[in-house]
Amino acid sequence: MPQSPLSVPTVEAVDQPQQRFMLVLSQIPPGRVCSYGRLAELAGLGRGARLVARWLGQLPAGSRLPWHRVVNAQGRISLPADHPSHAEQLQRLQDEGIVLRNGRIDLRRHGWPDTH
DNA sequence: CTTATGACGTGGT
DNA sequence: AACCACGCCATAA
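Below or above, wherever it landed, is the structure these notes cover.

Around DNA strand B sit 14 residues in total, of which Y36, R50, N72, A73 and S78 are the nearest. Near the protein, within 4 Å, the atoms of DNA strand B are sugar or phosphate in 39% of cases. Residue S78 places a side-chain N or O atom 2.7 Å away from a phosphate oxygen belonging to DNA strand B. Counting only elements with at least two residues in the surface near DNA strand B, the list comes to helix 2 (36-42) and helix 3 (49-56). The leading source of residues in the surface near DNA strand B is helix 3, at 5 residues. For the surface near DNA strand B, the per-class residue count stands at 7 nonpolar, 5 polar and 2 charged.

Structure representation (structure tokens):
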């Protein structure tokens, strides 16, 4: 039997890849970040890092999903520096207490899920 | 059907 | 650190 509809679904229980992507995205805690590639793996998209990037850019306008908690594997914001959302992402991350050194986030400290 | 394109990742130089 | 080539995979043209 499937779990109660009122409980949070597990990634394996969701059949639509795009829904799994949104589910995992929703689970990144405040103050933490996840890379495109890691998010893809967790969502069962294999090496679909670029697919994650595409879908992030297509999230509905009013979405409450934490799109800003996704950065590249080097801990850097991947949005172009001249893109207005770049500044918003930086602002949101800093508001959550994330520290950037030379434009980079220490993934060993803020990366999610934990590696050690 | 073939190419091009991403808010990417990895491995090699 | 910087650069590059390739792999990746859904979408668009």
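Back to the text.
To continue, consider the protein's contact with DNA strand C. Every residue near DNA strand C is listed here: R47, R50, L51 and R54. Counting only atoms of DNA strand C within 4 Å of the protein, the sugar-phosphate share comes to 60%. For DNA strand C, a base oxygen lies 3.2 Å from a polar atom in the side chain of R50. Within the surface near DNA strand C, the residues separate by chemical class into 1 nonpolar, no polar and 3 charged.

Definitions and limits used
Residues numbered from 1 in each chain as written. Chains lettered and ligands numbered in written order. Predicted model: local features only at pLDDT ≥ 70, side-chain atom pairs only at ≥ 80, totals over all residues. Heavy atoms only, no water. Near = heavy atom within 4 Å. Polar contact = N/O pair within 3.5 Å; in protein donor to acceptor, adjacent residues only side chain to side chain. Helix = DSSP H or I, 4+ residues; strand = E, 2+ residues; numbered from the N terminus. Nonpolar A, V, L, I, M, F, W, Y, C, P; charged D, E, K, R; others polar.

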